[in-house]
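So the chains spell out like this:
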Amino acid sequence: MKIFNKNTANKLLKNAYTLKTPEDSIRYYKSFSKTYDSTFAKGLDYIYPKRIAEEFYNHYSGNGDVCDIGCGTGLVGQELRAIYPNLIIDGIDISTHMIEVAKNKNIYRKFYNIDLTKPIKNVSNNYSALISAGTFTHGHLGPKAIINLLSICKKDALLTIGINALHYRAQSFDLALHKLERIGSIKIVKVSSKPIYGLEDKYMLDENQFGVVCTFVKVKN
């Protein structure tokens, strides 16, 4: 098996930050979906899914089905199952190729191939919790997508959403979340900063390499 070094992983990361449209994302992840875990995740010591899962479980009651938003190859699902083996998890992703990799891990109950920049259709609307790592980043989804996500979970559902720190600030996620709380749609539980990568490297010390993890509860339909 070919061994991918950190330079390869860094190149993939930089290219990911240039994505602007859903079509860009589909093309990009098709090109290396089968080696995503070995190139990107292992090459950059991608600890973000584990950190998101840990934060999620700090607040989740353990009851009800969970939907992994932007499930990719199933890295978040793996971490969830490591903590709670009997959890029922569904996955949503824009890339059919990434979904195919996740299917082979036998973690998820079912999958939805969906572009989250559009209204969500034909998806169960009674999830008890949503979790997301790595989907809310440059060129992908803005704050409006959170409103769409609220439509697929029931009242009192828990949402733990990781947002790239630079993207969080540039797109004013804080203002959007506080507006949703002000109008009574959500209740913010916790906002914290988590490293996306475990590597100790000067390249990794800028704002782009951290996630703002927002945990909140849906208050009303």
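Residues numbered from 1 in each chain as written. Predicted model: local features only at pLDDT ≥ 70, side-chain atom pairs only at ≥ 80, totals over all residues. Heavy atoms only, no water.

Focus: the overall build of the protein chain
Then comes step 1: For the protein chain, the helix and strand inventory stands at nine helices and seven strands.
Then comes step 2: Taken across its 221 residues, the protein chain has 51% of its residues classed as buried.
Then comes step 3: Put simply, of all contacts in the protein chain between residues at least 6 apart along the chain, 71% involve residues at least 24 apart.
Then comes step 4: Surface summary for the protein chain: the accessible area is close to 10900 Å², and the carbon and sulfur share equals 51%. (Helix = DSSP H or I, 4+ residues; strand = E, 2+ residues; numbered from the N terminus. Buried < 20%, exposed > 50% of the residue type's maximum accessible area, 1.4 Å probe, protein only. Contact = heavy atoms within 4.5 Å. Areas by Shrake-Rupley, 256 points an atom, 1.4 Å probe, with all protein chains shown as cover.)

Description of the packing of aromatic side chains
Then comes step 1: Going through the model one piece at a time under the given rule, you end up with nine aromatic pairs.
Then comes step 2: When the ring of Tyr-57 is compared with that of Tyr-84, the centres are 6.2 Å apart and the planes differ by 35 degrees; the resulting orientation is tilted. With Tyr-57 in helix H4 (residues 48-57) and Tyr-84 in the loop between helix H5 (75-83) and strand S2 (89-93), the pair connects residues that are 27 residues apart, well separated along the chain.
Then comes step 3: Here the aromatic residues Phe-56, Tyr-57, Tyr-60 and Tyr-84 are joined through ring pairs into a cluster of three or more. (Phe/Tyr/Trp six-rings, centres within 6.5 Å; stacked < 30°, edge-to-face > 60°.)

Observations concerning the environment of Ser-61
Then comes step 1: Note on placement: Ser-61 falls in the loop between H4 and strand S1 (66-69).
Then comes step 2: Using a relative accessible area of 59% as the deciding quantity, one classes Ser-61 as exposed.
Then comes step 3: Residues Ser-61 and Ser-128, spaced 67 residues apart in sequence, show a C-alpha to C-alpha distance of 9.5 Å.
Then comes step 4: In this structure the side chain of Ser-61 is engaged in a polar contact, spanning 3.4 Å, whose partner is the backbone nitrogen of Asn-63. (Polar contact = N/O pair within 3.5 Å; in protein donor to acceptor, adjacent residues only side chain to side chain.)

Some remarks on the environment of Val-101
Then comes step 1: In this structure, Val-101 sits in helix H6 (residues 96-103).
Then comes step 2: For the pair Val-101 and Lys-34, spaced 67 residues apart in the sequence, the C-alpha separation amounts to 6.6 Å.
Then comes step 3: Residues within four places of Val-101 in sequence aside, it is in contact with Ser-33, Lys-34 and Thr-73.

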